[in-house]
Amino acid sequence: MKFVDEYDVIVIGAGHAGCEAAYATSTMGMKTCLITIHLETIAQMSCNPAIGGLAKGHLVREIDALGGIMGLLADETGIHFRLLNRSRGGAVQAPRAQSDKALYRLTMKSWLEDVPNLTLFQGIVTEILIKNKKIQGIATLEGNRLLAKAVILTPGTFLNGLIHIGLHSYPAGRANEPASLELAENLKKIGLRTFRLKTGTPMRLDKHTIEWDKFTPQPGDKDPVAFSFRTQKKLENKILCYIGYTTPKTHKIIGKYLDKSPLFSGKITGIGPRYCPSIEDKVVKFPHHQRHQFFLEPEGLETAETYVNGISSSLPLEAQKEILKSIPGLDQAKILRPAYGIEYDAVVPTQLCPTLETQAIQNLFLAGQINGTSGYEEAAAQGLMAGINAALKIKKKKPFTLRRDEAYIGVLIDDLITKGVEEPYRLFTSRAEYRLLLRIDNPDQRLTPYGYRLGLISEKDYESFQNKQKKVQKVKNLLQKEKIKTESRETLSLWEFVKKPEVKLQNVIEYKKFQVNLSDEEMRHVESEIKYEGYLKKQEKEIARIRKIDSVKIPENTDFRKIPGLTREVAEKLEKVRPRSIGEAKKIPGMTPAATVNLHIFLRIQQRKGPHPEECSTWNIKDS
């Protein structure tokens, strides 16, 4: 077989996952090729031109702390910035930014073109070449073959993509871009199990035809919070977003057109996102609601296109036009791009290792929507981790994974590979057991040392990180050392005093005239550490307990098939992998929390020389 070029890593697809993966591998010294259908659509924001939000903003900060680029790019191209839940506790605050859609794409392309070891290549991949269940390279539609030591597949919604507008449908990965049909079939041939998912996007309107005074302005924050710890420039809000509502008339129109909805006619078989439903789905599932909120969000400074966030739909164009006419302020609005739904293939993610490498094929990694997730941020986080692990695998170094108590990235990947997905997966703060530890003010403290050791954080940026930690620690020491007498004549350290709900750290520092110059970011971090101290200690004890359980050794002669409560599938996987500890067993894809509990109890009984396994049925927990 003749190969045109040879690389260490080939990344297929240049969406948010692919860009992070390619940046990581090339920065770690791997000769990398990022291949995409169109070079002009690198990092295309197919849906909302926004980055961040609850949990998603946490992911972007973690990506940045590890040395990824999404946070830097969001700051560079942002035109509207908000810190969500600013009035609430630090654990649930999260940044969100509206980006200039065209500028985001162009800036990413420009940055990647300057990355050493990275080649951008335009082509359509039709086949992943494998020899003896190990990656050999890829083949393209044009007949080219590229050799690779590892392949990272990040195709977004392109695998067997099918767009629906009303009862009309056509193959595409995005509007007017070809679907990846041959590659989708190739993945099935090499033994990967796939299933169908569905997502969608709303119409884009001409801003000149919107009556903006009929909607409520939503300005950005006065002092915007950056995504990246490395951003130096002052961020600036350049646009206003607006809030609007549908009307009862809107809902009647939608009801009239339901027979032409592919979602309700049965034409769409893929499962859609529960937490970002189409407007017709909202109206059907929540008939008691008189109105539904939506947001008008400009797509950039140099375009008239306005994104209607909240009115995603796959209804026919005539229905979309009638919907607009039922909403005051949009009754004269012109549609520049119709809303549509899209179905696509995803790979069952329980077939992946914690490194995002497939179990079936060595050195094939998957990241992004192919693993059943939704959202740019979830995709970028997976791309970064897949890129890191592909590079480490080639270097024959230990893999890099993050625990659930270390990062939202750890929560995301653990959920995917152990629980799988039935609908497009979206990350929420509620999915993290240790969210008080995983705040937006401390990802650098948690993850930047990793990024530095991996070679993704520069010496200069690491030095800045260390200086910040020293400054923060100095303030903590001062607060613990200095005393204050309260109105009730109680003497407390300033640290204990700040724990009072009504006391603000900034006021204490100003009152005591501490000669420290903490940024707003650093101020929030120290205040959260103080306010949450009791809870954090409890969580740290719980984490230590779980780590102790993870360290429990599994005897070599253990017969997993005799452990009550385990499904046949789990028992077979345990027999095949033969984990040496509970921690290793937990990393096996498909190993559920219930199965872990059963395994742990069984081992405890065995250690105590307890009853025979068949006698343990009274405590087995159903693994469903």
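Trainee: An account of the overall build of the protein chain is requested, with residue identities and associated values reported.
Mentor: A tally of helices and strands in the protein chain yields 20 helices and 21 strands. Its C-alpha atoms give the protein chain a radius of gyration of 26 Å, within 12% of the compact-globule value 25 Å for 624 residues. Expressed as lengths along the three principal axes of its C-alpha atoms, the size of the protein chain is roughly 70 × 65 × 55 Å. Classification of the 624 residues of the protein chain by burial places 58% in the buried group. Considering only contacts in the protein chain between residues 6 or more positions apart, those separated by 24 or more positions represent 73%. With an accessible surface of roughly 28,200 Å², the protein chain has 50% of that area assigned to carbon and sulfur atoms. Seen as two clouds, the 94 positive and the 74 negative side-chain charges of the protein chain have centres 4 Å apart.

Trainee: Which residues make up the domain arrangement of the protein chain, and what values do they have?
Mentor: Along its sequence, the protein chain is carved into domain 1 (13-200 + 344-430), domain 2 (201-340), domain 3 (458-538) and domain 4 (551-623). Distance from the C-alpha centre of domain 3 to the C-alpha centre of domain 4: 45 Å.

Trainee: Help me get a handle on the packing of helix α1 (residues 16-27) against helix α10 (residues 376-394), residues and values and all.
Mentor: Close contact between α1 and α10 brings their axes to 7 Å; oriented N to C, the two are set at 30°. It follows that α1 is roughly parallel to α10 by the angle criterion. Relative to α10, α1 is oriented so that their crossing is right-handed. On the side of α1, the interface is formed by His16, Ala17, Glu20, Ala21, Ala24 and Thr25, while α10 contributes Tyr376, Ala379, Ala380, Gly383, Leu384, Gly387, Ile388 and Ala390. Here the residues of the contact of α1 with α10 sort into nine nonpolar, four polar and one charged.

Trainee: Report on the nonpolar core, specifying residues and quantitative values.
Mentor: Core analysis: the largest hydrophobic core is formed by 108 residues, its most contacted members being Ile10, Ile12, Ile51, Leu112, Ile388 and Ile409. At twelve residues, α10 tops the list of elements feeding residues into this core. Both of domain 1 (13-200 + 344-430) and domain 2 (201-340) provide at least three residues apiece to this core. Leave out the neighbours within four places in its chain, and Leu112 touches Cys19, Tyr23, Leu34, Ile42, Ile69, Leu118 and Leu120. In this structure, Met203, Phe215, Tyr257 and Ile327 belong to the second largest nonpolar core, which totals 23 residues.

Trainee: Tell me about unusual backbone geometry, and name the residues and values.
Mentor: Its identity is not glycine, yet Asn160 carries a phi of approximately 55°, on the positive side. Tracing the backbone shows Asn160 in the loop between β9 (145-153) and β10 (162-165). Phi angles above zero are rare outside glycine, and Arg489 is one such case at about 65°. Relative to the helices and strands, Arg489 resides in the loop between β20 (483-485) and β21 (491-493). Judged by its relative accessible area of 72%, Arg489 is exposed.

Trainee: Give me helix α17 (residues 533-550): which residues, what numbers.
Mentor: The terminal C-alpha atoms of α17 lie 25 Å apart, and with 18 residues this matches the ideal 26 Å at 1.5 Å per residue to within 8%. Among the residues making up α17, those that are buried are Glu533, Leu536, Gln539, Ile543, Ile549 and Asp550. Buried residues in α17 make contact with α14 (494-498), α16 (520-531), α19 (582-586) and α20 (593-607).

Trainee: For helix α9 (residues 317-325), give the residues involved together with the corresponding values.
Mentor: The set of residues buried in α9 consists of Ala319, Gln320, Ile323 and Leu324. One side of α9 holds all its buried residues, which, seen down the axis, span an arc of 140°. Looking at the buried side of α9, the elements it contacts are β10, β12 (194-206), α6 (248-256) and β17 (335-337).

Trainee: An account of the packing of helix α15 (residues 505-512) against α16 is requested, with residue identities and associated values reported.
Mentor: Where α15 contacts α16, the two axes come as close as 9 Å, and the packing angle between them is 105°. One finds that α15 runs roughly perpendicular with respect to α16. Across the interface between the two elements, Leu505, Gln506 and Ile509 of α15 pack against Met523, Val526, Glu527 and Ile530 of α16. Across the contact of α15 with α16, the residue classes tally to five nonpolar, one polar and one charged.

Trainee: Give a detailed account of the side chain of Asn186, specifying residues and quantitative values.
Mentor: Examined against the element boundaries, Asn186 turns out to sit in helix α5 (residues 181-189). Accessibility expressed as a relative area gives 9% for Asn186, which makes it buried. Excluding its chain neighbours within four sequence positions, the residues that come into contact with Asn186 are Thr126, Glu127 and Ile128.

Trainee: Break down the side chain of Thr448 for me, with residues and values.
Mentor: Secondary-structure assignment places Thr448 in helix α12 (residues 443-454). Exposure remark for Thr448: the relative accessible area of 5% places this residue in the buried category. One polar contact links the side chain of Thr448 to the main-chain carbonyl oxygen of Ala65, over a distance of 3.0 Å. In contact with Thr448, other than residues within four places in its own chain, are Ala65, Pro443, Ile457, Tyr462 and Phe465.

Trainee: Account for the sheet that holds strand β5 (residues 94-99), naming residues and giving values.
Mentor: Within the open sheet, the three strands sit side by side as β3-β5-β4. Their pairing is antiparallel. Across the chains shown, the open sheet's two edge strands, defined by having one partner strand only, are β3 (50-52) and β4 (78-84). Each strand of the sheet is rotated relative to its neighbour by a mean of 15°, with strand direction disregarded. As judged from the three bridges shared by β3 and β5, these two strands associate in the antiparallel manner.

Trainee: Could you give me a rundown of the packing of aromatic side chains, with the residues and numbers involved?
Mentor: The full count for this structure, using the stated rule, is five aromatic pairs. Both rings, one in Trp212 and one in Tyr242, keep their centres 4.9 Å apart while their planes meet at 50°; by these two values the pair is tilted. You can see Trp212 sitting in the loop between β12 and β13 (216-218) and its partner Tyr242 sitting in strand β14 (residues 241-245), a full 30 residues away along the chain. With relative accessibility at 14%, the residue Tyr242 sits in the buried group. Centroid distance Phe215 to Phe294: 6.1 Å. Interplanar angle 65°. Geometry classified as edge-to-face. Of this pair, Phe215 sits in the loop between β12 and β13 while Phe294 sits in strand β15 (residues 293-298), and the two are 79 residues apart along the sequence.

Trainee: Pulling in residues and values, what's your account of the state of the cysteines?
Mentor: Defined simply, a disulfide is a covalent bond joining two cysteines at their sulfur atoms. In total, this model carries zero disulfides according to the counting rule given. Between Cys19, a free cysteine, and Cys33, which holds the nearest cysteine sulfur, the sulfur-to-sulfur gap is 13 Å. A relative accessible area of 0% places Cys19 in the buried class. With no disulfide of its own, Cys241 has Cys47 as its nearest cysteine by sulfur position, at a separation of 14 Å. Residue Cys241 is classed as buried on the basis of its relative accessible area, which comes to 0%.

Trainee: Outline the pairing of strand β16 (residues 305-312), listing residues and values.
Mentor: For a regular strand, side chains alternate in direction, first toward one face of the sheet and then toward the other. Of all eight residues making up β16, seven are buried, and the element is well covered by its neighbours. The pairing of β12 with β16 spans four bridges and is classified as antiparallel. Within the sheet, the bridge partner assigned to Asp206 lies in β16 and is Glu305. Strand direction decides the pairing type here: β15 and β16, joined by four bridges, are antiparallel. Bridging across to β16, Phe295 finds its partner in Asn309. From the end of β15 to the start of β16, which pair antiparallel, there are six residues.

Calculation criteria
- Every residue gets a number counted from 1 within its own chain, in the order that chain's sequence is written.
- A pLDDT threshold of at least 70 governs which residues receive local features in this predicted model, and a stricter bar of 80 or more applies before side-chain atom pairs are shown or counted, although totals over entire chains, interfaces and linings include all residues.
- For side-chain calculations, the full set of non-hydrogen atoms in the structure is used, while hydrogens and water are omitted.
- Strands are runs of DSSP state E lasting at least 2 residues, helices are runs of H or I lasting at least 4, and numbering of each runs from the N terminus.
- C-alpha atoms define the radius of gyration, and 2.2 Å times the number of residues to the power 0.38 defines the globule rule.
- For every residue, the accessible area (1.4 Å probe, protein chains only) is compared with the maximum for its type, and the residue is labelled buried under 20%, exposed over 50%, or partly exposed between those bounds.
- Every residue pair with non-hydrogen atoms within 4.5 Å of one another is taken to be in contact.
- Note on areas: Shrake-Rupley with a 1.4 Å probe; residue coverage comes only from the protein chains shown.
- Positive residues here are Lys and Arg, negative ones are Asp and Glu, while His and the chain termini are left out of the count.
- For this purpose, a charge sits on NZ of Lys, CZ of Arg, CG of Asp or CD of Glu.
- The domain limits used here are those given by an automatic or database domain assignment.
- Helix axes are fitted only over the stretch in contact, all axes being lines through C-alpha atoms; the angle between N-to-C directions runs from 0 to 180 degrees.
- If an angle is under 35 degrees, it is roughly parallel; if it is over 145, roughly antiparallel; if it lies from 65 to 115, roughly perpendicular; otherwise it is oblique.
- The sense of a crossing depends on the near helix, which, turned anticlockwise from the far helix by less than a right angle, makes the crossing left-handed and, turned clockwise, makes it right-handed.
- In this classification, Asp, Glu, Lys and Arg are treated as charged, Ala, Val, Leu, Ile, Met, Phe, Trp, Tyr, Cys and Pro as nonpolar, and every other residue, Gly included, as polar.
- Note on terminology: a nonpolar core comprises buried Ala, Val, Leu, Ile, Met, Phe, Trp, Tyr and Cys residues joined through side-chain atoms within 4.5 Å.
- To estimate the expected span of a helix, count its residues, drop one, and scale the result by 1.5 Å.
- Working note: the arc is built from the helix axis to C-beta atom directions.
- We call two N or O atoms a polar contact when they sit within 3.5 Å, provided that within protein one can donate a hydrogen and the other can accept it, with sequence-adjacent residues counted only if both atoms are side-chain atoms.
- The rule for pairing is simple: two strands pair if DSSP sees at least two bridges between them.
- Two aromatic rings from Phe, Tyr or Trp, using only the six-membered ring of Trp, form a pair when their centres are within 6.5 Å; if the ring planes differ by under 30 degrees the pair is stacked, by over 60 it is edge-to-face, and anything between is tilted.
- A pair of sulfur atoms, both from cysteines and within 2.5 Å, is called a disulfide here.

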